[in-house]
Structures are given as C-alpha cells and as structure tokens.
Amino acid sequence: MPLDEPGRGFAFVFDLAGVLLEWNTMAVYDSLFRESGKDPSEFFSNILDPGIQDAISAGEPMAPLLDTLARSHPDWADEIHAWSTRWDEMLVGPIHGSVSAASELRERGYRVFILGNWSRDAFARATERFDFLTHFDGALLSGDCGYLKPDPHIFALAERQFDLQPGKTVFIDDRTDNVQAAISRNWNGIVFENPRQLYLTLMEHRFL
C-alpha cells in the first residue's frame, strides 16, 4: 500500500460486512438445513443465488422479491423467508478491533466513512443494534445508488459525495476485487484479514 506521508488530509473508507460487522449466513441456515435435509449448495446456487442477493443489496425491496421467489419455489419458502425474518441472527455482531481502529482514526482527526454493498433498510436495522455505525462521517450504500462494489461507479460517487482525494483515501475491504477496484482509481487499499493485521498496517504507515 504505497502512501504519502500521513496527514490530516487522509480519509478512511471501511467496508461493512467482514470488516466492521461479522456476517454469517450459516448461523441461521445450518439448523434449517439440518432439520429439512435439503442441500445448502442447491439453495444458494439456484434459489437465493448471488444475483438475488445482489438485487437486494442494490436496493430492490426485499419483501416483495422474496415473496415472488417463494411462490416460484414453494418447497423452499421457509428458507427463502428466513433471509428476512432471521436476518438479525446472521448479523452476528461488531468486529471490535476494526471498530476500535476506526474510532481511533477519527479521534486523531481523520475522516472515516462506510462504503458497503447493503440496502438502506438493512443498514437501518444494523444501526438500531450497533450505535457505533452512527459515528462515521458518512455512509454510501449500494442500495442508495444501484451500484455494487467493485463497480467503479460507486467509488466515483463516493469521491464526489465525501469530497475524497483518491491519493489520500485508504479503502479497507475483505475482498481483493473490491480493493483492486479502489486502487484502479488511485485510492490506497488494504485487504482486510483480521483486526491485528489492520492495526499493524495502520501503525506501519504511522496513522495510529
């Protein structure tokens, strides 16, 4: 991660699930599939597939989409509706070390933002449970704009909305393709592995 000398002009942009919040679908679906004997790979590949999940993250209303899906696949109705009714159980909780790092950066005078592939409704539900999400300087979600990371449009929109200077923006995400997309716009990037690795990287570059 090549960086200029750190200074107050830097901003930090954090991903949500996998960096600030632990998200685990199997916290719900393990027990459902054990009870039903159904194949989880069938469900997540052909029923509630990545395209459906991306549509929800891009802002398509969850309830009518899942209702339509359940009518098309009545044998999977319980599993489909669990995506909404048991969503809070899949959002396990904060990744405390990352939350602390973001807080310390803000205390040191840096601006900190959120850039997530989430719907606004999902973010509102998370914010009700986890007050730390209100402490960021702003949040841009795919559900607000219809663009999903790693689409370059969402990074361009973040630059405009948050007044970011690419060379002085550090993006932190657990997916390499998302970080590479940010780097392609001349942002700096950290592929998140765990809080300790994040802290050490920030300390190495004298942000913390």
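Since this is a predicted model, take the numbers as computed values, not measurements.

**Q** Is there a simple way to think about the packing of aromatic side chains in this case?
**A** Aromatic ring pairs are reported here in terms of the distance separating the ring centres and the angle at which the planes meet. One pass over the full model with this rule turns up 22 aromatic pairs. Summarising the aromatic geometry, the rings of F10 and F207 are spaced 5.1 Å apart at their centres and angled 65° between planes, so their arrangement reads as edge-to-face. On the criterion of sequence distance, the pair formed by F10 in the segment before β1 (11–14) and F207 in the segment after α12 (195–204) is long-range, its members being 197 residues apart. Judged by its relative accessible area of 0%, F10 is buried. When its relative accessible area of 1% is taken as the criterion, F207 is described as buried. Measuring from centroid to centroid gives 5.7 Å for W23 and W87, while their planes differ by 50°, and the two rings are tilted. Taken together, the residues span a long stretch of sequence, with W23 in strand β2 (residues 21–23) and W87 in helix α6 (residues 87–90) at a distance of 64 residues. Judged by its relative accessible area of 5%, W87 falls in the buried class. Members of the aromatic cluster, each reached through a chain of ring pairs, are W23, Y29, F33, F43, F44, W76, W83, W87 and W118. The ring of W76 has K38 sitting right over it, with the charged end atom 4.9 Å from the ring centre.

**Q** Looking at this structure, how should I read helix α8 (residues 120–129)?
**A** Helical geometry note: an α-helix holds 3.6 residues per turn, so side chains three or four residues apart project in the same direction. Among all positions in α8, only A122, F123, A126 and T127 are buried. Buried residues of α8, viewed axially, fall in a sector of 135°; they line one side. The exposed residues of α8 that point more than 90 degrees off its buried face are D121 and E128. Of the surrounding secondary structure, the elements contacted by the buried residues of α8 are β2, α6, β3 (91–94), β4 (111–116) and β5 (139–141).

**Q** Can you help me understand the sheet that holds strand β7 (residues 188–191) in this one?
**A** To summarise the sheet geometry, strands pair through backbone hydrogen bonds and adopt either a parallel or an antiparallel arrangement. Read from one edge of the open sheet, 5 strands run β5-β4-β1-β6-β7, paired in parallel fashion. Lying at the two open borders of the sheet, with one neighbouring strand each, are β5 and β7. Direction aside, the axes of adjacent strands within the sheet are offset by 20° on average. As judged from the 3 bridges shared by β4 and β5, these two strands associate in the parallel manner. What sits directly across from I114, in β5, is A139. Contacts between helix α7 (residues 96–107) and the sheet are confined to β1 and β4, with β1 contributing the most and set at about 160° to the helix. Docked against the sheet, α12 engages β1, β6 (169–173) and β7, running at close to 150° with respect to β7.

**Q** Hey, could you run me through the nonpolar core in this one?
**A** The nonpolar side chains of a soluble globular protein tend to be buried with one another. By size, the foremost hydrophobic cluster in this structure holds 58 residues, and its most contacted members are F12, F14, Y29 and W118. Not counting chain neighbours up to four residues away, the residues in contact with Y29 comprise F43, F44, L48, E79, I80, A82, W83 and M90.

**Q** Hey, could you run me through the packing of helix α3 (residues 50–57) against helix α4 (residues 62–72) in this one?
**A** Geometrically, a packed helix pair is captured by the angle between its two axes and the distance between the axes. It is at 10 Å that the axes of α3 and α4 come closest, and there the two elements cross at 160°. Considering their axes alone, α3 and α4 lie roughly antiparallel with respect to each other. In this structure, α3 crosses over α4, and the sense of that crossing is right-handed. Residues I52, A55 and I56 of α3 pack against M62, L65, L66 and L69 of α4. Of the residues in the contact of α3 with α4, the class split is 7 nonpolar, no polar and no charged.

What counts as what
- Residues numbered from 1 in each chain as written.
- Predicted model: local features only at pLDDT ≥ 70, side-chain atom pairs only at ≥ 80, totals over all residues.
- Heavy atoms only, no water.
- Phe/Tyr/Trp six-rings, centres within 6.5 Å; stacked < 30°, edge-to-face > 60°.
- Helix = DSSP H or I, 4+ residues; strand = E, 2+ residues; numbered from the N terminus.
- Buried < 20%, exposed > 50% of the residue type's maximum accessible area, 1.4 Å probe, protein only.
- Lys NZ or Arg CZ within 6 Å of the ring centre and 35° of its normal.
- Arc of directions from axis to C-beta.
- Contact = heavy atoms within 4.5 Å.
- Pairing = 2+ DSSP bridges.
- Axes fitted to C-alpha atoms, helices over the stretch in contact; angles between N-to-C directions.
- Core = buried A, V, L, I, M, F, W, Y, C linked by side-chain atoms within 4.5 Å.
- Parallel < 35°, antiparallel > 145°, perpendicular 65-115°, else oblique.
- Left-handed = near helix turned anticlockwise from the far one by under 90°.
- Nonpolar A, V, L, I, M, F, W, Y, C, P; charged D, E, K, R; others polar.

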